[in-house]
Amino acid sequence: MGIFDKFKIGFKKSASAFTSGLKEIIVKKEINDENLNKIEEFLIQSDVGVEAASEIKEIISKKKIDPNKDLSKEINSILKEYIISLMKPLENKSFFEKKEKLNATLISGVNGVGKTTTIGKIGKILRNNGSKVIFAASDTFRAAAIEQLENWASKVDVQIVKSSQGADPASVAFKAVDEAIKNNFDQVLIDTAGRLQNKKNLMEEYKKIANVTKKIDPNAPHNVILILDATSGQNVLNQVEEFNKIIPITGIVMTKLDGTAKGGILLALAKKYKIPIIALGLGEKENDLQLFEAEKFAEAFTQIN
């Protein structure tokens, strides 16, 4: 199965809800003020965001649409073009490429978004691309998290630096980066404990993990990836806001897009923060993490079932 097929299947819920919702609004072969307002309201309800919804409404109102054509398809085409123009600049295909120097990546996010699983999937892609990868089990809060990352390390055949439950998370990150430099690793992926963005003490610990890596490499962490759960809806905007205050986010991975009908939240994120989107999680399997491509996303999101 190719990447496009996986995208279409993964976004089936979002696309079905989206296109059927638009069809219900457009009952006549015309675009009037009433329908435009309904489209805008529907887009906002689909988690696209107020700003993006307003822009899309404006574009549709100015577009000359042939009344002899299928209006739903014409509006879907407008949406597709809008999504591509908005999100194409946020692609970061180089993230998974083999690096000449050490690349340390801090993985963050709240509880339950799938951080450890995502690290495993990223590790597999990096390794398949020829990188020498090491995991840092800096989620020492839960013994289960250490064991889970250990299982992923074994599954995708990469090394891991770990300690016991309750150990200092920053010390694990330090050891991993130190070992990576000494043994010529290309990539260090640092797991962190799930933390609510409004818990000050936990966020300070998170900052410490980042700062300690700078003692070895002043440019570390080279990437700060925030994992977001698509089923959380508008709450992900608050998460980006708060995590970005602590350490600037360089990339986003959105998980569980196959389990929600509101994939439109990606548009709201793209419009508000313009942070690169690294990949999308479309399932639980090893190969279900897909490199983000704006055109593939737009095609899948606006597909007509």
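Our subject in this report is the structure included herewith. (Residues numbered from 1 in each chain as written. Predicted model: local features only at pLDDT ≥ 70, side-chain atom pairs only at ≥ 80, totals over all residues. Heavy atoms only, no water.)

Points about the overall build of the chain
Broken down by element type, the chain carries 12 helices and 8 strands. When its C-alpha atoms are laid out on the principal axes, the chain stretches across 65 × 40 × 30 Å. The buried share among the 305 residues of the chain stands at 52%. Carbon and sulfur atoms form 47% of the exposed surface of the chain, whose accessible area is close to 13,800 Å². (Helix = DSSP H or I, 4+ residues; strand = E, 2+ residues; numbered from the N terminus. Buried < 20%, exposed > 50% of the residue type's maximum accessible area, 1.4 Å probe, protein only. Areas by Shrake-Rupley, 256 points an atom, 1.4 Å probe, with all protein chains shown as cover.)

Things to note about the pairing of strand E1 (residues 103-108)
By the criterion of burial, E1 is predominantly enclosed, with 6 of the 6 residues buried. Across the two faces of E1 the burial is the same, with Asn103, Thr105 and Ile107 and Ala104, Leu106 and Ser108 all buried. Here 4 bridges tie E1 to strand E4 (residues 187-192), and the two strands are oriented parallel to one another. By the bridge assignment, alanine 104 is partnered in E4 with valine 188. Where E1 meets strand E5 (residues 223-229), 4 bridges bridge the pair, whose relative direction is parallel. Its bridge partner lying in E5, serine 108 is registered against leucine 226. (Pairing = 2+ DSSP bridges.)

So, the packing of helix H8 (residues 169-182) against helix H9 (residues 200-213)
It is at 8 Å that the axes of H8 and H9 come closest, and there the two elements cross at 25°. In terms of their interaxial angle, H8 and H9 are classed as roughly parallel. Of the two elements, H8 crosses H9, and the hand of that crossing is right-handed. Residue-level inspection shows Pro169, Ala170, Ala173, Phe174 and Val177 of H8 in contact with H9, the latter providing Glu205, Lys208, Ile209, Val212 and Thr213. Of the residues in the contact of H8 with H9, the class split is 7 nonpolar, 1 polar and 2 charged. (Axes fitted to C-alpha atoms, helices over the stretch in contact; angles between N-to-C directions. Parallel < 35°, antiparallel > 145°, perpendicular 65-115°, else oblique. Left-handed = near helix turned anticlockwise from the far one by under 90°. Contact = heavy atoms within 4.5 Å. Nonpolar A, V, L, I, M, F, W, Y, C, P; charged D, E, K, R; others polar.)

A word on the nonpolar core
In this structure, Met87, Phe135, Val188, Val240, Met254 and Phe297 are the most contacted members of the largest nonpolar core, which totals 96 residues. With 8 residues, the top contributor of residues to this core is helix H5 (residues 71-87). (Core = buried A, V, L, I, M, F, W, Y, C linked by side-chain atoms within 4.5 Å.)

Some remarks on the environment of glutamate 179
Looking at the element boundaries, glutamate 179 is found in helix H8. Along the sequence, glutamate 179 and glutamine 239 sit 60 residues apart, while their C-alpha atoms lie 32 Å from each other. The residues touching glutamate 179, leaving out its near neighbours within four places in the chain, are Ile134, Gln159, Val161 and Phe185.

Regarding the sheet that holds strand E3 (residues 159-161)
Ordered in space as E3-E2-E4-E1-E5-E6-E7-E8, the 8 strands form an open sheet in which the pairing is mixed. Edge positions in the open sheet fall to E3 and strand E8 (289-291), since each of these has one partner strand only. For this sheet the average axis-to-axis angle between neighbouring strands, irrespective of direction, equals 25°. Looking at chain direction, strand E2 (residues 133-138) and E3 are connected through 3 bridges and run parallel.

Regarding the pattern of salt bridges
Between side chains of opposite charge, pairing is possible as soon as their charged atoms come close. The final tally for this structure, using the stated rule, is 19 salt bridges. The salt bridge partner of glutamate 293 is lysine 93, with a shortest N-O separation of 3.8 Å. Of this pair, glutamate 293 sits in the loop between E8 and helix H12 (294-301) while lysine 93 sits in the loop between H5 and E1; the two residues are 200 residues apart in sequence, bridging distant segments of the chain. Residue glutamate 293 is classed as buried on the basis of its relative accessible area, which comes to 17%. Aspartate 157 serves as the salt-bridge partner of arginine 127, at 2.7 Å between the closest nitrogen and oxygen. Of this pair, arginine 127 sits in helix H6 (residues 115-128) while aspartate 157 sits in the loop between helix H7 (143-156) and E3, and the two are 30 residues apart along the sequence. With a relative accessible area of 35%, arginine 127 lands in the partly exposed category. Salt bridges sharing partners connect three or more residues here, namely Lys88, Glu91, Lys93, Glu293 and Glu295. (Salt bridge = Lys/Arg side-chain N within 4 Å of Asp/Glu carboxyl O.)

What about H7?
The terminal C-alpha atoms of H7 lie 20 Å apart, and with 14 residues this matches the ideal 20 Å at 1.5 Å per residue to within 8%. All of the buried residues in H7 are Ala145, Ile146, Leu149, Trp152, Ala153 and Val156. Seen along its axis, H7 keeps its buried residues to an arc of 125°; they face one direction. Following H7 by one or two positions, aspartate 157 adopts a phi angle in the positive range, close to 60°. (Expected span 1.5 Å × (residues − 1). Arc of directions from axis to C-beta.)

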